[in-house]
Structure formats: C-alpha cells, structure tokens
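Coordinate inspection notes
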Amino acid sequence: MKRANNEATPLYESKMFDIQFRGTSNDLSSVKIYTNKNSFQIENQISFDSEYKPISSLEYFAGSVLSSILLSLLEQSKKRGSLIEEIEGVLHLSLENPLSMIGVKGYDEEPFIRKMTVTVFLYVDLEDKAFDDFCLNALAKSPIYNTLKRSTELEVLFKKLL
Amino acid sequence: MSNEKIKVGAVIYDPRVTVIWGIIADFFKEEGLEIECVFYKDYEGQVDGLMNREIDIAWNSPLAWLDTYIRTDGTCQMGSMRDTDRDRKTVFVVRKDSGITNLDGLRGKTIGFGAVDSPQARLIPINHLHKNGLEYGADYVEKRFDIGVGLHGDHVGGELDAMRALMAGEVDASVTLDLNWEAWKKDGTMDENQLTCIDTTASFDHCIFTAHPDFSTERFVEWQKVLHRMDYTNEAHQKMMDMEGLKEWVEGRITGFQQLREANDYLKFLNK
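Residues numbered from 1 in each chain as written. Chains lettered and ligands numbered in written order. Predicted model: local features only at pLDDT ≥ 70, side-chain atom pairs only at ≥ 80, totals over all residues. Heavy atoms only, no water.

**Observations regarding the interface of chain B and chain A**
Taken together, the 13 residues of chain B in the interface contact 11 residues of chain A. Between chain B and chain A, the buried area comes to about 1000 Å², and carbon and sulfur atoms account for 67% of it. Counting every contact that joins chain B to chain A gives 2 salt bridges. Two residues, A:Asp49 and B:Lys239, come together in a salt bridge whose shortest N-O distance is 2.8 Å. (Contact = heavy atoms within 4.5 Å. Buried area = accessible area lost by both parts, 1.4 Å probe. Salt bridge = Lys/Arg side-chain N within 4 Å of Asp/Glu carboxyl O.)

**A few points about the packing of helix α3 (residues 62–71) of chain B against helix α9 (residues 258–267) of chain B**
Residue and element names in this part refer to chain B. Between α3 and α9, the shortest axis-to-axis distance is 10 Å and the interhelical angle comes to 70 degrees. Classified by the angle between their axes, α3 and α9 sit roughly perpendicular to one another. The hand of the α3/α9 crossing is right-handed. Each of Pro62, Leu63, Trp65, Leu66, Tyr69 and Ile70 in α3 lies in contact with α9, whose residues at this interface are Leu260, Arg261 and Asn264. Residues that form the contact of α3 with α9 fall into these classes: 7 nonpolar, 1 polar and 1 charged. (Axes fitted to C-alpha atoms, helices over the stretch in contact; angles between N-to-C directions. Helix = DSSP H or I, 4+ residues; strand = E, 2+ residues; numbered from the N terminus. Parallel < 35°, antiparallel > 145°, perpendicular 65-115°, else oblique. Left-handed = near helix turned anticlockwise from the far one by under 90°. Nonpolar A, V, L, I, M, F, W, Y, C, P; charged D, E, K, R; others polar.)

**Section: the sheet that holds strand β5 (residues 112–124) of chain A**
Within a sheet, adjacent strands bond to each other through the backbone by hydrogen bonds, running parallel or antiparallel. Residues and elements named next belong to chain A. Across the sheet, 3 strands lie side by side as β4-β5-β6; this open sheet has mixed pairing. Pairing within the sheet leaves two strands with one partner each, and these edge strands are β4 (84–96) and β6 (153–160). Taking each pair of neighbouring strands and ignoring which way they run, the sheet shows an average axis angle of 15 degrees. Contacts from helix α2 (residues 57–79) reach β4, β5 and β6, with the element oriented near 150 degrees to β4. Contacts from helix α4 (residues 128–139) reach β4, β5 and β6, with the element oriented near 145 degrees to β6. (Pairing = 2+ DSSP bridges.)

**Section: the packing of aromatic side chains**
Inspection of the entire model under this criterion finds 13 aromatic pairs over all chains. Aromatic pair B:Phe113 and B:Tyr140: ring centres 6.3 Å apart, planes at 40 degrees, arrangement tilted. Placement of the pair is B:Phe113 in strand β7 (residues 110–113) and B:Tyr140 in the loop between α4 (119–131) and β8 (141–144), with a sequence separation of 27 residues. Just above the ring of A:Tyr34 sits the side chain of A:Arg22; from NZ or CZ to the centre is 4.6 Å. Between the NZ or CZ atom of B:Lys41 and the centre of the ring of A:Tyr107, over which it lies, the distance is 4.9 Å. (Phe/Tyr/Trp six-rings, centres within 6.5 Å; stacked < 30°, edge-to-face > 60°. Lys NZ or Arg CZ within 6 Å of the ring centre and 35° of its normal.)

**Structural notes on the environment of A:Pro54**
Residue placement: A:Pro54 occurs in the loop between β3 (39–42) and α2. Each residue touching A:Pro54, except ones within four places of it in the same chain, is listed here: A:Glu43 and A:Glu59.

**Some thoughts on empty space enclosed by the protein**
All names here are of chain B. In total, this model carries 1 cavity of 30 Å³ or more according to the counting rule given. Of the voids in this model, the largest cavity is the one considered here, and its volume is about 30 Å³. Considering the residues around the largest cavity, the lining is formed by Gly114, Ala115, Ser118, Ala121, Ile147, Gly153, His155, Gly158 and Glu159. In the lining of the largest cavity, the residues fall into 3 nonpolar, 5 polar and 1 charged. (1 Å grid on protein atoms, 1.4 Å probe; cavity = no way out; pocket = protein on both sides within 12 Å on 5 of 7 lines; lining within 4 Å. Points joined across faces, edges and corners; volume = space filled by probe spheres on them.)

**Quick look at the domain arrangement of chain B**
Accessible area lost upon the coming together of the parts serves often as the stated size of an interface. All names here are of chain B. Domain parsing of chain B yields domain 1 (6–85 + 205–267) and domain 2 (90–200). Contact with domain 1, which involves 17 residues of that partner, is made by 19 residues of domain 2. Taking both partners together, domain 1 and domain 2 bury about 1600 Å²; carbon and sulfur atoms supply 67% of that area. Ranking the residues of domain 1 by area buried against domain 2 places Tyr13, Tyr266 and Leu267 at the top, with a combined share of 37%. Connecting domain 1 to domain 2 are 1 salt bridge. Note that Lys131 is salt-bridged to Glu262, the shortest N-O span being 3.1 Å. Secondary-structure elements contributing two or more residues to the side of domain 1 that touches domain 2 are α3 and α9. Ranked by the residues each element gives to the side of domain 1 that touches domain 2, the list is headed by α9, at 6 residues. Taken together, the residues that form the side of domain 1 that touches domain 2 break down as 10 nonpolar, 4 polar and 3 charged. (Domains from an automatic or database assignment.)

**Re the sheet that holds β3(A)**
Residues and elements named next belong to chain A. Spatially, β1-β2-β3 is the arrangement adopted by the 3 strands of the open sheet, whose pairing is antiparallel. Looking at which strands have only one partner, the edges of the open sheet turn out to be β1 (22–24) and β3. When the angles between neighbouring strand axes are averaged without regard to direction, this sheet yields 25 degrees. In this sheet, strand β2 (residues 31–34) lies alongside β1 in antiparallel orientation, the contact comprising 3 bridges. Bridge pairing in β2 links Arg22 to Tyr34.

**With respect to the confidence of the model for chain B**
Interpretation of the predicted coordinates at a detailed level should be avoided for regions scoring low in pLDDT. Of the residues in chain B, 99% have a pLDDT of 70 or more, and the chain-wide mean is 96. Of the two predicted TM-score estimates for the complex, the pTM is 0.90 and the ipTM is 0.84. (pLDDT = per-residue confidence, 0-100.)

Below you can see the structure in the form of structure tokens.
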C-alpha cells in the first residue's frame, strides 16, 4: 500500500494540544479561574503569613511543578509493571526580590523565581544505573519540567530509599 | 477631626513582617480609625518620607528618632513604644579563658561590633567605652560586622556574627543587646561555660513612634489610644505582639535616648 506523504502538511492537532483558561474577578480583588469542568479561586499571588490558608498563585505553580514530576514517574512506573513502591517529593523555591511585590519603597527590582530544587525519594527495586535511566526517562515526559528547564534554574534530584 | 487615613511608616527587610502591620491595620479599621501602611527599605528613607509628609507617623529606630529630632529641630512628636523597648542594655562579652575581667582589659584589644549604624551594637557601646576612658580609634581595634546597614541594627545578623567571631577567637570581646545575650544563652546559641559578661551599658530605650511636627497632635493622641487597646489576650493581637516582641504598648519617652545622643555627638555620626 502506498502511504500518503503528508510531511508538507502536518496535522496541527498532532503537533499541538491547546488549553484555554478563563479568569474573572467579580470583586476586583480575587480571581476565579475556570477550567473545563471546574473552577478555583485565588486571592493572592503569594502570602507571607504562615497561617494563611487559601492557596496562592505561587503555591499552585509550585504544586504544579512537583506534581507533574511525580506523576511522570508514576506513569512510567505503571508502564514498567509498577516499579515504584513508594514515592515522595520535596520542592524548594527561592523567590528573589519579594519586597518589590509588596511595594517597599527603595526596592524596584522585579520579583522572580531564582531557583527551584525538587528532590524525589523513591523506593524502587532497581540497580543504580537502571534507577538513573528510569528516573531521567520519566522526567523527560514531564511537559512542565521540560518547559521550565529552558527558562529557569530547576534542579531535580533523585534519591533511592534503601 | 479629619477622616483621612493616617499614614504610618515602617522599615521592612523581611516580607513576613508585613503580617504584623496587616494585623495592626485590621485592628485600627475595626476601631474606626483607618491607617495606611507605607513600607521603606531603610530608616534614612523613612525619615525622608516623614519629612516629605509621605507619612504622618514613623515606627522609628532610636537612631531614626534622633535623625528626625535633629532634622525637625526637636519639634517632632514622640509616641508610644513597646514595653520591651524600655530599659535595654548592651552587654560586653569575653571568653572566660581570656583573662579579661573589666573594660580596661580591652585596651589594645579587638572588639566585635554589629552594623555601623546599630545603636545597641555599636554607637552606644562605643560611647560607653569612651566614658570609661577608652577612646574610639585609639585605645582598641574595631571589628565591625555590617549586616543590614540602613536597618539600624534591626537585623540580628551583625551581633550574631560578632559573637560567633568571639567564640572563634577572632576578636577579644563582642557587644550585643541584653535580650539577645539572654536568648542565645537560653537556646544554646552561645555557650555560657565559655563566655562571660564583663560590663553593661546604662539603660537606654529602643524603638518609638514619631509623628511629623505638623501632624495633628489630637489625631496622634487618638491614634495612640487605639494602639494601646491592643490586647495580648486577643489571639490575633498576640500573634502580632509575639512577632514584634511585646506584651503591651506603653507611653513613649525620650529620656532613654540620652546615651545615643551622646554617642552621636562623640562620633559625629549623623553629621557625616
């Protein structure tokens, strides 16, 4: 059978998956984000109060990074017959110039995420080289990791639990 | 009386400190006397802000109070302070095995101080040494730990580094605020078996609210009445008071700044 040569006209849907979010603010203070089926409210980009309960923009962002990495590992684990027996990750984020965010006079530098470090602890029965290969291959399936590694200092460490 | 928000300035070096001011602002709003907090990077900027009337009231360090006092020819208005701002002392600490037992033993020695603009960890102890016959720049070597310059010693880092240098044998003595000395002995940061206090300064006062000379005295008095209604038994207030290190707001006084004024005259610090 002769296959059609479609190299010149690749299908957009095959190359791209688009997502659209809507954000509104009825009270002109907080923001409501709508996904396809859900919505969530965000009141602050970040809170410096350790007792503040609502989830901030920065917490959603950090949670998104950490969850994407852990889920990538779990998905690859399932494909290999549930290699991972236990998993836990810790994300450390350093926000530079936080005082500019709150309008402290004398601080004008743009606030930005200087560095993120993710440490993943895994209980998995693999030898060292196989462990490294498995983790790195799984990490390569995380779109959020792959995006951020191009734009910011993002270090991911894997530690095998014995 | 005007209903305009009263603008209150504070120096912020850690974003977590804004929580304190959020609680204070909420309380004043509940009491019907709204405030607007204006934050500054350092005290010099805050005093500039007070002089320019960007703010009506400043939460001033003792040195910022003196700066304001000088710039307003003594006409600035003094306000409340924390209970813990009254009757502080600076301690002179040495290693027990040094053989140094009094201030005269520091002659020719190296003394660790905090930041250049720290009242408690540099200016006042230097004046204390002067009053005890040890002249700055002649009778001892100054080793300064300039952490957070511009914050007038609010950041504890300079004093802590000076004490660590003492422990490491890099200096012969170090100075620190009495509250820090007691806290560090208690939590084990400093080893009481190795260090000893050989002298203390006379008592002095620390931070104080300061209002611009043209700010309505009536409003300032009303504002302070509300401030003094903050109650340590109220959970939200307690959180703020614990963070700011007080149990109650008390009346301000400027008698406790005499040593700092002498130190400023001696070192010509604010005249530079």
